[in-house]
Structure formats: C-alpha cells, structure tokens
Amino acid sequence: MNTITGKAVVGAIARGTIVYYHKNEFAVTKRRVVDTELELKRYTSAKEASEEELQKLYDEALERLGEENAQIFIIHQMLMSDAQFERCVMTHITEDSYNAEYAVKRAALELVQMLSANGSDYVKERTADIRDVSDRLIRHLLNLPSKDIKLGENSIICADELMPSEALMFDRKKLAGLCMASGAVNSHASILARSMNIPCIVCMGDKICEEIDGKEAIVDGYEGVLYVEPDEMTVRLAEERIKSEQRKLEILSRLIGKATETADGRSVRIYTNVYNLAEVENAVANDAEGIGIFRSESLYITERVFPNEELLFYNYRRALEDMKGKEVTLLTYDMSAENIEEMLDLKKEPNPALGYRSIRVCLEQQELFRTQIRAMLRASVYGRLSILLPMIIDVGEFRYARSIINDEKEKLREDGISFAEDIKIGAMIETPAAVITSDILAKEADFFSIGTNDLEQFTLALDKNNSKYDRIRPENSTAILRMIKIVCENAHRNGIPVVLCGELASDFSLTEVFLDLNVDVFSVAPPRVLPLRRVIRSMDLSDEDRAKNVVSQLLDI
Ligand code: PEP
Ligand code: MG
C-alpha cells in the first residue's frame, strides 16, 4: 500500500480506480505566413467551434450542477470575445504575419502580463481561465481531439492541477474523488468538488503521477489521504465507514419536516451558515429553518474581484427565492485577517486580526459597502431578508452603518425602486467590547448573532488559526459561556432574539446549556442541521433544578 497525503478539501470517503488525467500539452510553433487572410479565417472558425463547445458545456453543467457552477463557461465565452484579446490576436496575424495558433498563444500571454502589471490579484486565479480559453482555441486550430475522457464507474481522478472546465467535464455519476498534485483549497476546482460533495485532496506533491494510473485506491477526504492499492484492513475500515455514513444519513433524513423542539415542547430554530448558492441548496436539502449567515466574501474569494451590484443582487435574490420565505441573513463583507491583504491590495499589518478588517473596511471604503447594501435592499422583495453587521465594537459604529443603509434606502425610494420595509438589522457579537455593551446595543439592533469563533479568539487571547494552541483551548470555557449568558439576558430584556452562529453552536456537548441560557436560534453548517435537531428532540428540559445545576456548574456561579 502506498499512502499519499495532502490538504483535505472535502470531507467524504470513497473507493475506486485511479484515472491519471493527462493534459493535452501541445507544441505551438511560431511561423510567419504569407496568406494572413487564411489565418484570420482559421482563427474565426476555431472561435466559432470553441463557442459552440462552451455553450454545450454550459448547458450540460446547468442541468447537472446548476447556474452558479455553469457560470464559469459564460466567463470563458466572455474572455474569448474580450475586445482587447481579439484585437491583439488580429494584430499579430495581420501586422506581424504570425500563424493563428501562435497569435492566440501570444495574445493570451500578453493579456496575462498586462493584467499582472496592473497589480491585480484577480489575475493569479484568472490566469488559469485565460490559459484554458486559449488552449481550447489552439486545440481547434490544430484539429486536436477534445480533452473529454470517458470514465469507468467510481473513477478517482488524479492530476497535476485541474482547470475548472476540466473538473466539470467529468461525469459526476462516475466521479468518486479528485486528487491534485498542486492546486489550492479555494481554487475553482476545489469549490466545485465541495458543491458536488465528492472527496477532494490538493497539494499532494509529485507522488500523484502516471505510475498510479489504473490502480485501486481509497480517497479519504476527511484526513487528506489517498491509499493506493490499499491493504485488506484499510479497505475493510473504509467500507465500514462508507456504509455507516450512508446509514446515518438515511436515519437523519427521517427528521426532515419534523419540528425542532425538545421532548417537553420547547421550540428553537436551526439555521445554517452558507458560502454560496450551491450551499443554499444544501441548506434546503438539510431542512434548515433559515440562513444565519450568507457570506458574500466567498464571491470575491472565488473570482478574485469584488462582485458588482448585479452579481450580488443575483446571488441574494436566488438565495431568498430558494429559501421560500424563510429568513435569510446576509452578512455584510467580513474580510478576515487571512484574506484582507489580497482582497484590498494592502500592506501586511503586524496584527491583521486586530487591524483593518470587516466593518472597519466597509465604513471607510463606502462604495464597496453601499454597492452591497443596494444589492441587498433590491433583493429584499423576494423573501425575508435580514442584514447582519460583523465585528461591531461600539454602538456608534452600529448607528453609522445603519445610517448608510437608511441613506441607500432613501436613494432607492427616490429612484422608485422597491424594497421591503421590515428588514431587520442585527449586530454580530464577536468581541468582548460588544458583549460588555450589549445592553446598549440591544436597544438599537433588531437581533444579535454571537460569532463564537472570533469571540473565543479575542476573549481567550488565542489565535483561531493557530492550531498549535488547540490543545489549550478549553472545551467549554467559563468565560465564553458567561458572555453568552450576558448577551442573551440583555437581548431578551430588550425583546430581541439571539442567534448562536460560531462553531461552538454545533458542539452538542453544550446544546443543553445553550438551551438553558435561552439561545433562540442555532446557526450551523448544513450537514449539522439534522444531527442537531436529533439532539434537541431527545432533550427534556422540564426539570428546573436540573437547569440550575447545569448552568451553575458550567458557569461557576
Ligand atoms: C465567528 O466569528 O464566529 C464567525 C461566525 O465568523 P468567522 O469565523 O468567519 O469570523
Ligand atoms: Mg467572525
């Protein structure tokens, strides 16, 4: 057995046969031609054939994977028809008398270089797409066969790095897993794997090579391990895990449509945290009662450019429509310490987690914020929309953000554009400052959402991304539980609800105490919705002495 490790992208496990995917590397020679008219004609017909092919890929992807995933082929069509790119190809043919394939290759290179010179990080990711588009054109010019490969049942695709269009061209029903020698956790291919929910591992190094083609393997997307020619014991353990996961899912699915209430009749709601529209589908499939956080920054992370108002509007409207009247809470840009520099082309700060991030950026770079708010307001007529403001540390900050929202409402009114009048605006409670001023904030905000990930980081002085300190992270910190208690009390005194939306919300060992503290809504990842409903339905909270004991023991009061 050969064990190859990498970074886990999608937590799932599968057994299958490795298909090593070769890219069609083709040599493009540089030639001077006499008949430039002929080269132009060759280019035009290659473009037409590529457009047809992209349209077919779009239609197929739309049917199999939905609009959001299919959009990549629209982007490719747009890149191929980009006026600057086309002009560049034409100039290389007519003025430099280059052959069409070399003109395309050179134009693509120049486009990448020009965008890089603008210092745009967007290019880093889009380079792959530009290459993909020019490869397609060149393939048609050279009359090379399509890159499509026919898969057998349960194929585990191993490749150096997959282009988004390559990841999409495989038949989902036959695809058991994706393993890449390089790649990135947030590349398009990884994002697609996530939305297809197939095990996926990236950064596996050069052991991912031709030699493993055709071999039996197990891909463990939880641990980030590919077992090539697994021994009997590994196969048995994996099979057991696959079976038990299927069984668990079947049993859980019986809770779809059932109420989220304890055995003694106390009702709470379970919402879900999502990154994109594909995850909204997951929210619906897992019977979430609402969306507690819809993170818009993922739209940037995948595209490496801030989305314009129309794209935001499209995403928000779809989320609201898909949730069919259930509450959808849209989080305003919450740029984190990890992605802030590349998102805004900033210099590295010494303590980015304590620096220019989240609402601080929005209140300063207002056009960014206002664009997002306008998209949210316009979408609000399609369902039940709430707006959540992250990283609030002071009531003045909350008021200022709300005044910008009101300002944008006024502008829409003047333009005769409708929006819902009853949009709730919530404050995310994720700093000790917000907890300690939650009595004041509760008089202004329509709801609270406790972000325990940041709250733990700032309260316990523990960097949430530093796994070195995981071992000293207290399992149920008295400080955090006391803070949740303070926030719930202040909220309820002022008649507003509390959502618990950090990772702690899905720590089932604390569900009982959260219920005793009167948390109104739990917001967890889509696959955790039904398991949490099961835990809640099994609880009986009728004995008040029990509640006092649980709370006082854990909170040390
Ligand atoms: C949180 O802080 O708890 C939260 C939900 O958001 P993030 O982890 O993205 O900061
Ligand atoms: Mg946070």
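To be clear, the structure that these remarks concern was listed above.
Residues numbered from 1 in each chain as written. Chains lettered and ligands numbered in written order. Predicted model: local features only at pLDDT ≥ 70, side-chain atom pairs only at ≥ 80, totals over all residues. Heavy atoms only, no water.

Draft legend 1. Focus on the overall build of the protein. The helix and strand inventory of the protein stands at 22 helices and 16 strands. Relative to its full complement of 557 residues, the protein shows a buried share of 53%. Pairs at least 24 apart in sequence give 69% of the contacts found in the protein among residues at least 6 apart. Carbon and sulfur atoms form 49% of the exposed surface of the protein, whose accessible area is close to 25300 Å². (Helix = DSSP H or I, 4+ residues; strand = E, 2+ residues; numbered from the N terminus. Buried < 20%, exposed > 50% of the residue type's maximum accessible area, 1.4 Å probe, protein only. Contact = heavy atoms within 4.5 Å. Areas by Shrake-Rupley, 256 points an atom, 1.4 Å probe, with all protein chains shown as cover.)

Draft legend 2. Up close: the packing of helix H14 (residues 366–379) against helix H15 (residues 395–414). Direction vectors running N to C along H14 and H15 enclose 60°, while the axes themselves pass 10 Å from each other. By the criterion of interaxial angle, the relationship of H14 to H15 is oblique. Once H14 is placed against H15, the crossing between them reads as right-handed. On H15, the residues touching Gln366, Phe369, Arg370, Ile373, Arg374, Leu377 and Arg378 of H14 are Tyr400, Ala401, Ile404, Ile405, Asp407, Glu408, Lys409, Lys411 and Leu412. Residues that form the contact of H14 with H15 fall into these classes: eight nonpolar, one polar and seven charged. (Axes fitted to C-alpha atoms, helices over the stretch in contact; angles between N-to-C directions. Parallel < 35°, antiparallel > 145°, perpendicular 65-115°, else oblique. Left-handed = near helix turned anticlockwise from the far one by under 90°. Nonpolar A, V, L, I, M, F, W, Y, C, P; charged D, E, K, R; others polar.)

Draft legend 3. A negative patch on the surface, seen in detail. Together, Asp264, Asp540, Asp543, Glu544 and Asp545 make up a negatively charged patch on the protein surface. Within the secondary structure, Glu544 is located in helix H22 (residues 544–555). (Patch = residues over 30% accessible without salt bridge, like charges linked within 9 Å, V, L, I, M, F, W, Y side chains within 5 Å. Salt bridge = Lys/Arg side-chain N within 4 Å of Asp/Glu carboxyl O. Lys, Arg positive; Asp, Glu negative; His and termini not counted. Charge placed at Lys NZ, Arg CZ, Asp CG, Glu CD.)

Draft legend 4. Up close: the sheet that holds strand S1 (residues 2–5). Read across the open sheet, the eight strands follow the order S1-S8-S7-S3-S4-S5-S6-S2; overall the sheet is mixed. Among the strands making up the open sheet, the edge pair consists of S1 and strand S2 (7–10). Geometrically, the sheet is characterised by an average inter-axis angle of 30° between neighbouring strands, direction not taken into account. Sheet analysis places strand S3 (residues 13–20) next to strand S4 (residues 155–159), joined by four bridges and oriented parallel. By the bridge assignment for S4, Val19 is matched with Ile157. Most of the contacts of helix H8 (residues 232–253) go to S3, to which it runs at about 120°, and overall it touches S3, strand S7 (216–220) and strand S8 (225–228). (Pairing = 2+ DSSP bridges.)

Draft legend 5. Structural detail: the coordination of the magnesium ion (ligand 2). Looking at the metal site, the magnesium ion (ligand 2) is ligated by Glu430 (OE) and Asp454 (OD), spaced 2.1 Å from it. With Glu430 in the loop between strand S13 (424–429) and helix H16 (432–436) and Asp454 in helix H18 (residues 452–460), the pair connects residues that are 24 residues apart, well separated along the chain. (Donors = N, O, S within 2.8 Å, 3.2 Å for Na, K, Ca; no water.)

Draft legend 6. Region of the structure containing the site of ligand 1. In the vicinity of ligand 1, the contacting residues are Ile293, Arg295, Met428, Glu430, Gly451, Thr452, Asn453, Asp454, Lys464, Cys501 and Gly502. Glu430 places a side-chain nitrogen or oxygen 3.0 Å from an oxygen atom of ligand 1. Between an oxygen atom of ligand 1 and a side-chain N or O atom of Asn453, the distance comes to 2.8 Å. Starting from 280 Å² of accessible surface for ligand 1 in isolation, the protein chains cover 89%. Where the shell around ligand 1 is concerned, the elements lending two or more residues are strand S10 (290–295) and H18. If one sorts the elements of the shell around ligand 1 by residue count, H18 sits on top with three residues. Classifying every residue of the shell around ligand 1 by side-chain character gives three nonpolar, four polar and four charged. (Near = heavy atom within 4 Å. Polar contact = N/O pair within 3.5 Å; in protein donor to acceptor, adjacent residues only side chain to side chain.)

Draft legend 7. How the structure looks around helix H1 (residues 36–65). With 30 residues, H1 ought to run about 44 Å at 1.5 Å a step, and its terminal C-alpha atoms sit 42 Å apart, in line with that. For H1, the full list of buried residues reads Thr36, Glu39, Leu40, Tyr43, Ala46, Lys47, Ser50, Leu54, Leu57, Tyr58, Ala61 and Leu65. Positive backbone phi, approximately 90°, marks Gly66, located one or two places after H1. (Expected span 1.5 Å × (residues − 1).)

Draft legend 8. Up close: the packing of aromatic side chains. Within the structure shown, the criterion is met by four aromatic pairs. For Arg241, the ring lying beneath its charged end belongs to Tyr222, and the centroid distance is 4.4 Å. A cation over a ring is seen here: Arg378 above Phe313, with NZ or CZ 4.2 Å from the ring centre. (Phe/Tyr/Trp six-rings, centres within 6.5 Å; stacked < 30°, edge-to-face > 60°. Lys NZ or Arg CZ within 6 Å of the ring centre and 35° of its normal.)

Draft legend 9. Just H14, in detail. Taking 1.5 Å of rise per residue, the 14 residues of H14 would be expected to cover 20 Å, and the 20 Å separating its terminal C-alpha atoms lies within 8% of that figure. Burial analysis of H14 places 13 of its 14 residues in the buried class, the great majority of the element.

Draft legend 10. Local environment of the pairing of S10. The buried count for S10 comes to six of six residues, which makes it a mostly enclosed element. Relative to S10, strand S9 (residues 269–274) runs parallel, the two being bridged by three bridges. Following the sheet pairing, Thr272 is matched in S10 by Ile291. Each parallel crossover has a hand, and the one from S9 via helix H9 (residues 277–285) to S10 is right-handed. (Right-handed = clockwise from strand over helix to strand, strands pointing away.)

Draft legend 11. Summary view of the pattern of salt bridges. By the definition in use, this model includes 32 salt bridges. A salt bridge links Glu101 to Arg42, with the nearest nitrogen and oxygen atoms 3.1 Å apart. You can see Glu101 sitting in helix H4 (residues 100–117) and its partner Arg42 sitting in helix H1, a full 59 residues away along the chain. The exposure class assigned to Arg42 is partly exposed, which follows from its relative accessible area of 22%.

Draft legend 12. The arrangement of the nonpolar core in detail. Phe294, Phe369, Leu389, Phe448, Ile484, Phe514 and Phe522 are the most contacted members of the largest nonpolar core, which totals 87 residues. By size, the runner-up hydrophobic cluster in this structure holds 32 residues, among which are Leu54, Ala61, Ile75 and Val112. (Core = buried A, V, L, I, M, F, W, Y, C linked by side-chain atoms within 4.5 Å.)

Draft legend 13. Local environment of the sheet that holds strand S15 (residues 498–500). Read around the barrel, eight strands follow the order S9-S10-S11-S12-S13-S14-S15-S16 and close on themselves; strand pairing throughout is parallel. Across the sheet, the mean angle separating the axes of adjacent strands is 25° when strand polarity is ignored. Across four bridges, the pairing between S9 and strand S16 (residues 521–524) is parallel. By the bridge assignment for S16, Thr272 is matched with Val524. Against the sheet, H9 makes contact with S9 and S10, and its axis sits at roughly 160° relative to S9, the strand it touches most. Along the sheet face, helix H19 (residues 478–493) touches S13, strand S14 (447–450) and S15 and points at about 150° away from the line of S15.

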